[in-house]
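Understanding the architecture of this molecule
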Amino acid sequence: MIPLAPAYVDRFRAWSRAARKRPAIPKPLHNPSNQCYQNSVIQLLRSSSSLVGILGDEGVGLAPRTAENSRSLQFAAALRDALRFDSDAGLLSRKSRWLGFSLDRQDDAHRFLDAVLDASSTGFGGLVEALCGTTLTRTTRCTRTSCQHESTCITPAELGLSLPVPSTGKHTVAHLLGLFSQPEAVDEDYKCEGCDRCGCCSSILESIGHSEVLVLALKFNTNDERKKLRRGLIKLSQGLQVGSSNFLLCGTVVHLGGYTDAGHYIARCKGPDNKWRVYNDGAPAVVCSYADVCKASEKDVCLLLYQRARQAALPSLQAPPTNG
C-alpha cells in the first residue's frame, strides 16, 4: 500500500479548515437520460472529505504526461471536476463512454465506480490506491492431514471490497466483512504444491491493510448476470471497526428495481455540515435523519462508503428503530 506523502496530508488539513469556514453541500446532478447510476456514485464520492480534499484539489499535481497515461490523465481531470460541489459532472459523464458506458442506457453503479477509479488511477499517480486501496492476502491450505501445506500471497490493492449478502436473515456490515474472510474450496483442477494432488485445498482472503476510504459493494444474489433475487436485510452502523482501524459511514447508494442494470439509484450522503441528505438526480437535496438512511438501506443498499475516523473512540451506533 502506498502511504500518503506529508504534503498531501497538509493539503487535506488545509482543505478541512477551509471547508469548516465555508460549509457547502454538493449540488444535485441532472439526469438527462438513464444516468442515475453515475449521479449516485459521484454523490457518494463527494461524501468523503478525503477524496474531495485531495483528489479534488487543483493544487495537487497529476502524474507527468506520457504516451501511456494520456487517457488516464483525462479521466483524473474529469473525476477532479466531478468532485467539485458546484460541478455538473458532465465531463466525467462524457468520458465514461470510453469505458463502455452509454449516456442513454442504465448500468450498474458498482461497475461504474470501479471503472472510474481504475481509469483515473495512473493519472493521479498512485493517490487513488493510497486513498482507497485495501491490501489482501490469499492463503491456500491443503486439507489433508498428512500434508497441510500452506502458501500465502499478497494481492494487488483492491479499490473496494465486494461482499456477498446471504439470501435470508438480517446482517450487520461487520458480519458481512467476517463472511468475506471465510474459507472457500479451491477449483478442483488446482494441484497442491505439497502433496501434488487435486481437489484437496481451500483458500481464504483476509484484509491486512486499509487506506483512508473503505468502499463496500453489497452484491445481489443472481441467477443470471442481471436479475436480482431475494436477499437478506442490512443493518447499518455509523461506526465500523476493521482490524485496528476505525471508520465512519459517509454515504450510501440504494438500488430500486429487479435488475442491476435497470431500475433507479439514489444516494444518501452526509455533508460537511454533518447532515444527511437524499440525492435523487436533479431534485433538490432533502435533509433526512440517520434513521431514514437505515430504513432505506435495509433491503436495497448496494454501495457503502466509510472514511477513517479522526478520533480514537467511535460511537457504537446501530440502526435506530424509529425516525428521529
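Residues numbered from 1 in each chain as written. Predicted model: local features only at pLDDT ≥ 70, side-chain atom pairs only at ≥ 80, totals over all residues. Heavy atoms only, no water.

1. Observations regarding the overall build of the protein
Threshold: Put simply, DSSP H or I for four residues or longer makes a helix, DSSP E for two residues or longer makes a strand, and each gets a number counted from the N terminus. Residue burial is assigned from relative accessible area. The probe radius is 1.4 Å, only protein chains are included, and a residue is buried under 20% of its type maximum, exposed over 50%, and partly exposed in between. Accessible surface is estimated by sampling points in the Shrake-Rupley manner with a 1.4 Å probe; for residues, cover comes only from the protein chains shown.
When its secondary structure is counted, the protein shows nine helices and 14 strands. Going through the 324 residues of the protein one by one, you find that 48% of them count as buried. Per element, the accessible surface of the protein, about 15,400 Å² overall, is 50% carbon and sulfur.

2. Some remarks on the pattern of salt bridges
For clarity, the threshold we go by: Whenever Lys or Arg places a side-chain nitrogen within 4 Å of a carboxyl oxygen from Asp or Glu, that contact is recorded as a salt bridge.
Taken as a whole and judged by the stated rule, the model has six salt bridges. Among the salt bridges present, the one from D107 reaches R111, with a minimum N-O distance of 2.8 Å. R111 gets classed as partly exposed once you look at its relative accessible area, which sits at 39%. A single salt-bridge network, built from bridges that share partners, covers D81, R84 and D86.

3. What about helix α6 (residues 109-121)?
Helical geometry: 3.6 residues make up each α-helical turn, so side chains three or four residues apart lie on a common side. Stated precisely, the cut-off is as follows: Multiplying 1.5 Å by the helix residue count minus one yields the expected span of that helix.
In this model, α6 (13 residues) spans 18 Å end to end at C-alpha, consistent with the 18 Å of a helix rising 1.5 Å per residue. Most of α6 is tucked away: ten of the 13 residues are buried.

4. Things to note about the pairing of strand β3 (residues 161-164)
For the record, the criterion: Two strands qualify as a pair provided that DSSP identifies no fewer than 2 bridges between them.
Taking every second residue as pointing to the same face, the buried face of β3 carries L161 and L163, while none of S162 and P164 on the other face is buried. The pairing of β3 with strand β7 (residues 213-219) spans four bridges and is classified as parallel. In the strand pairing of β7, P164 is matched with K219.

5. Here we look at the environment of L305
Filter applied, for reference: For this analysis, residues touch if any pair of their heavy atoms sits within 4.5 Å.
Relative to the helices and strands, L305 resides in strand β14 (residues 301-308). According to the relative accessible area criterion, L305 is buried, its value standing at 0%. In this structure, the C-alpha to C-alpha distance between L305 and V213, residues 92 residues apart in sequence, is 7.1 Å. Apart from residues no more than four positions distant in its own chain, L305 is found in contact with L44, L45, S47, S48, L51, V213, L214, V215, L248, L249, C250 and G251.

6. Remarks on helix α4 (residues 70-83)
In a regular helix each residue adds 1.5 Å, so 14 residues correspond to 20 Å; α4 covers 20 Å between its end C-alpha atoms and thus fits that length. Of all 14 residues in α4, ten are buried, a share of seventy percent or more. S72, L73, F75, A76, A78, L79, R80, D81, A82 and L83 are the residues of α4 that are buried. For α4, the secondary structure elements touched by its buried residues are α2 (36-46), α3 (49-54), α5 (90-95) and α6.

7. Quick look at the nonpolar core
Defined as follows: Buried residues of nine kinds, namely Ala, Val, Leu, Ile, Met, Phe, Trp, Tyr and Cys, make up a nonpolar core once their side-chain atoms join them within 4.5 Å.
Core analysis: the largest hydrophobic core is formed by 45 residues, its most contacted members being L45, L51, L55, L79, L92, L303 and L305. Excluding residues that lie within four positions of it along the chain, L92 makes contacts with I42, A78, L79, A82, F112 and V116.

8. Here we look at unusual backbone geometry
Its identity is not glycine, yet N34 carries a phi of approximately 55°, on the positive side. Among the residues examined, N34 registers a relative accessible area of 38% and is labelled partly exposed.

9. Brief notes about the packing of α2 against α4
Cut-off, in case you're wondering: Angles here are taken between N-to-C directions and fall from 0 to 180 degrees, while the axes themselves are lines fitted to C-alpha atoms, restricted in helices to the stretch in contact. By the definition adopted for this analysis, an angle is roughly parallel if under 35 degrees, roughly antiparallel if over 145, roughly perpendicular if from 65 to 115, and oblique otherwise.
Relative orientation of the contacting elements α2 and α4 amounts to 75°, with a least axis distance of 9 Å. Here α2 is positioned roughly perpendicular relative to α4, judged by the angle of their axes. Of the residues in α4, those in contact with I42, L45 and R46 of α2 are L79, A82 and L83.

10. Let's talk about the side chain of S87
The criterion, for reference: Two N or O atoms form a polar contact when they lie within 3.5 Å of each other; inside protein one atom must be a possible hydrogen donor and the other a possible acceptor, and for residues adjacent in sequence the pair counts only when both atoms belong to side chains.
One can find S87 in the loop between α4 and α5. The exposure class of S87 is buried, given its relative accessible area of 2%. Within polar-contact distance, the side chain of S87 engages the side chain of D81 at 3.0 Å. In this structure, S87 is in contact with K27, L29, R46, D81 and A82, ignoring residues within four places of it in sequence.

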